[in-house]
Structure formats: structure tokens, C-alpha cells
Amino acid sequence: MGITKTELFNKRQNKIASYAKALGHPARIAILESILKRKACICGDLVEELGLAQATISQHLKALKDVGILQGTIDGPSICYCINKKTWEEIGGYFAPFLSQIPESGNSC
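Each chain carries its own residue numbering, running from 1 in the written order of its sequence. Whole-chain, interface and lining totals are the exception, using all residues; otherwise, since this is a predicted model, local features are given only for residues with pLDDT of at least 70 and side-chain atom pairs are given and counted only at 80 or more. Calculated side-chain values reflect all of the structure's heavy atoms, with hydrogen atoms and water omitted.

Here we look at the packing of helix H3 (residues 43–50) against helix H4 (residues 54–66)
Axis definition: a line fitted to C-alpha atoms, limited for helices to the stretch in contact. Angles are taken between N-to-C directions and run from 0 to 180 degrees. For the purposes of this entry, the term helix denotes a DSSP run of H or I that reaches at least four residues, the term strand denotes a run of E that reaches at least two, and both are numbered from the N terminus. For the pair H3 and H4, interaxial distance at closest approach is 9 Å and the crossing angle is 115°. The interaxial crossing formed by H3 with H4 has right-handed handedness. Residues Cys 43, Leu 46, Val 47 and Leu 50 of H3 form the contact with H4, whose own contacting residues are Gln 54, Ile 57, Ser 58 and Leu 61. Each residue belonging to the contact of H3 with H4 can be placed in one class, and the counts come to six nonpolar, two polar and no charged. Each helix crossing is assigned a hand: it is left-handed if the near helix lies turned anticlockwise from the far helix by less than a right angle, otherwise right-handed if that turn is clockwise. Contacts are assigned to residue pairs that have any heavy atoms within 4.5 Å of one another. Each residue gets one of three labels, nonpolar for Ala, Val, Leu, Ile, Met, Phe, Trp, Tyr, Cys and Pro, charged for Asp, Glu, Lys and Arg, and polar for the others, Gly among them.

Below is the structure:
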């Protein structure tokens, strides 16, 4: 099957794409909004709040943690997740200039 050929693109482009992929599911956005609102979160709380299965929440948390958006600490049988501030600021640094590049005069098509 096809290869993504990420080596054809620069580090910034690959990093933006990896963050966009991690943010590319509405459940992950809801998880991040919940964690930002609470400052930290335990997986069980998310299951109740979002109405998704524990396994589904865990998969989404893993995807967010794999790219460094979340960090977690183990407290007995629970893991407490919080936003990785350094990564969060990096995402803002990548996306803000990227999204601010709009055509100056209306529709460019």
C-alpha cells in the first residue's frame, strides 16, 4: 500500500500535521475542553461526562498523550491527565500564524 512520504515535508509541516491528526476527532476536542475546564481529569470522570466507553476514552487519551498534548500521573488505579503546557503553547505557535494567512480580498477562487 501507499507510503506517506513524510520525509518530503519539513519538520514544521510534519509537526502541524501530527497535531492536527491528534485533534481531528470531536471526542478528543471534548476531552481537551473538559481537562482545560477542570485543570486535570481522571479517566472515569470523562466516561461519565462524555457518555463514551472506558476503552474508547482510553484510546483517545492515548492519541493525545502520544503527541505530547497530554501528560499523566498514576495515582493508584487511576491516571490523572493534564495539558502539557509546553506542547499546548507550541501548538498555538504553529496554528496561529498558519490560520492567520487568509486572502486579502474575499474569495480567492
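As for the environment of Gly 68
Take Gly 68: it is sitting in the loop between H4 and strand S2 (70–75). Note on exposure labels: buried denotes an accessible area under 20% of the residue type's maximum, exposed denotes more than 50%, and partly exposed covers the range between, all computed with a 1.4 Å probe on protein chains only. Judged by relative accessible area, which is 16%, Gly 68 ranks as buried. Separated by 14 residues in the primary sequence, Gly 68 and Gln 54 have C-alpha atoms spaced 21 Å apart. In this structure Gly 68 touches Asn 84 and Thr 87, once residues within four positions along its chain are discounted.

Some points on the environment of Lys 15
Mapped onto the elements, Lys 15 comes out in helix H1 (residues 11–23). When its relative accessible area of 29% is taken as the criterion, Lys 15 is described as partly exposed. Expressed as a C-alpha distance, the spacing of Lys 15 and Glu 90, which sit 75 residues apart in the sequence, is 9.8 Å.

Limitation: the analysis is restricted to geometry and does not speak to function.
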